[in-house]
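# Secondary and tertiary structure notes
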Amino acid sequence: GIQVEQSPPDLILQEGANSTLRCNFSDSVNNLQWFHQNPWGQLINLFYIPSGTKQNGRLSATTVATERYSLLYISSSQTTDSGVYFCAVERTGTASKLTFGTGTRLQVTL
Amino acid sequence: KAGVTQTPRYLIKTRGQQVTLSCSPISGHRSVSWYQQTPGQGLQFLFEYFSETQRNKGNFPGRFSGRQFSNSRSEMNVSTLELGDSALYLCASRRTQGGGLAVSSYNEQFFGPGTRLTVL
């Protein structure tokens, strides 16, 4: 099956700092999503980004499908950004099955 | 528009029992998928239903089963519970049409709050 690797596994930042999270995947995809899992376990949609660049407030994401990676940028981090960030992909030709990375655990301190 | 809802939110069972979890997708979404999240294995795909038919299945034993109703609501059942079945069970829905992927944004999946199952 497709492999999804996220880095770094853990990240500690001071409030106001910027960060870049990376997601590498091993095959062509027709769906790539970034999620933030809150402390109660719910996965919050950040971006649906199989290719290209998107921005939403302090967050932005870029996927370079031909090179099989995606980046999530968090600028001016806030304590509420703390949590686990997951990248998930759906390999081309496999309907509906998202394969998740192991996540990046982000802690933003004052 | 209401999001994906799951019931119950928390459940405690004992080994050998069975459990049924319920998921109501976003209105207009016809595809429902189920995922299991554990500390050891992370997030893993269980199965996906579309138009009351199982369209894809992950690598889980036959004790895990599901179904979808004509209104797109879905249930999953786990029989003969084991300690290792303790997990967060997440349901996701998306709008996708059957077969082709004519509108790529239909692929985006939206998750419910999950059911946290503890097996004692």
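As the structure is a computational prediction, the values presented were derived from the model and not from experiment. (Residues numbered from 1 in each chain as written. Chains lettered and ligands numbered in written order. Predicted model: local features only at pLDDT ≥ 70, side-chain atom pairs only at ≥ 80, totals over all residues. Heavy atoms only, no water.)

### Things to note about the pairing of strand β4 (residues 31-38) of chain B
In summary, the side chains of a regular strand alternate between the two faces of the sheet. Residues and elements named next belong to chain B. With eight of eight residues buried, β4 lies mostly within the body of the structure. Neither face of β4 is open: one carries Ser31, Ser33, Tyr35 and Gln37, the other Val32, Trp34, Gln36 and Thr38, and all of them are buried. Across eight bridges, the pairing between β4 and strand β5 (residues 42-50) is antiparallel. Each residue of the ladder has a partner; that of Thr38, found in β5, is Gly42. Hairpin remark: β4 followed by β5, antiparallel, with three residues in the connecting loop. Alignment of β4 against strand β9 (residues 87-94), held across seven bridges, turns out to be antiparallel. (Buried < 20%, exposed > 50% of the residue type's maximum accessible area, 1.4 Å probe, protein only. Helix = DSSP H or I, 4+ residues; strand = E, 2+ residues; numbered from the N terminus. Pairing = 2+ DSSP bridges.)

### Considerations on the interface of chain A and chain B
The interface of chain A with chain B comprises 18 residues on the first partner and 22 residues on the second. For the interface between chain A and chain B, the tally reads one salt bridge. Notably, a salt bridge pairs Glu90 of chain A with Arg94 of chain B, separated by 2.8 Å at the nearest N-O pair. Where chain A touches chain B, the interface holds eight residue pairs in polar contact (both at pLDDT 80 or more). A total of five residues in the side of chain A that touches chain B trace back to one element, the largest contributor, which is strand β4 (residues 29-37) of chain A. Residues belonging to the side of chain A that touches chain B are distributed by class as follows: eight nonpolar, eight polar and two charged. (Contact = heavy atoms within 4.5 Å. Salt bridge = Lys/Arg side-chain N within 4 Å of Asp/Glu carboxyl O. Polar contact = N/O pair within 3.5 Å; in protein donor to acceptor, adjacent residues only side chain to side chain. Nonpolar A, V, L, I, M, F, W, Y, C, P; charged D, E, K, R; others polar.)

### Observations concerning the pattern of salt bridges
By the definition in use, this model includes eight salt bridges over all chains. As a salt-bridge pair, Asp81 of chain A and Arg58 of chain A come within 2.9 Å of each other at their nearest N and O atoms. In this pair, Asp81 of chain A sits in the loop between β8 (69-74) and β9 (83-91) while Arg58 of chain A sits in the loop between β6 (52-56) and β7 (59-64), placing the two residues 23 residues apart along the sequence. One salt bridge in this structure joins Arg73 of chain B and Glu75 of chain B, with 3.4 Å as the shortest N-O distance. A cluster of three or more residues bridged by salt bridges with shared partners is formed by Arg63, Glu82 and Asp85 of chain B.

### A few points about the environment of Asn38 of chain A
Within the fold, Asn38 of chain A resides in the loop between β4 and β5 (43-48). Among the polar contacts listed, one links the side chain of Asn38 of chain A to the backbone nitrogen of Gln42 of chain A, at a separation of 3.0 Å.

### A word on the state of the cysteines
Tallied over the full model, the rule gives two disulfides over all chains. Here Cys23 of chain A is linked by a disulfide to Cys87 of chain A, with a sulfur-sulfur distance of 2.0 Å. Taking the sign of the S-S torsion, -55° for the link of Cys23 of chain A and Cys87 of chain A, the bridge is left-handed. Highlighted residues: Cys23 of chain A in strand β3 (residues 19-25) and Cys87 of chain A in strand β9, separated in sequence by 64 residues. One exposure class covers both Cys23 of chain A and Cys87 of chain A, and it is buried. Between the sulfur atoms of Cys23 of chain B and its disulfide mate Cys91 of chain B the distance is 1.7 Å. The sign of the S-S torsion, about -55°, decides the handedness of the disulfide formed by Cys23 of chain B and Cys91 of chain B: left-handed. Residue Cys23 of chain B is located in strand β3 (residues 19-24), and its partner Cys91 of chain B is located in strand β9; the two are separated by 68 residues in the primary sequence. Given the relative accessible area of 0%, Cys91 of chain B is considered buried. (Disulfide = S-S within 2.5 Å.)

### Observations concerning the layout of surface pockets
What the largest pocket holds in volume is close to 930 Å³. Forming the walls of the largest pocket are 37 residues, and the residues nearest its centre are Phe100 and Gly101 of chain A together with Gln41, Gly42 and Leu43 of chain B. Elements with a contribution of two residues or more to the lining of the largest pocket: β1 (4-7), β9, β10 (99-100) and β11 (104-109) of chain A together with β4, β5 and β9 of chain B. When its residues are assigned to classes, the lining of the largest pocket shows 14 nonpolar, 18 polar and five charged. (1 Å grid on protein atoms, 1.4 Å probe; cavity = no way out; pocket = protein on both sides within 12 Å on 5 of 7 lines; lining within 4 Å. Points joined across faces, edges and corners; volume = space filled by probe spheres on them.)

Any functional reading would require information that these geometric values do not contain.
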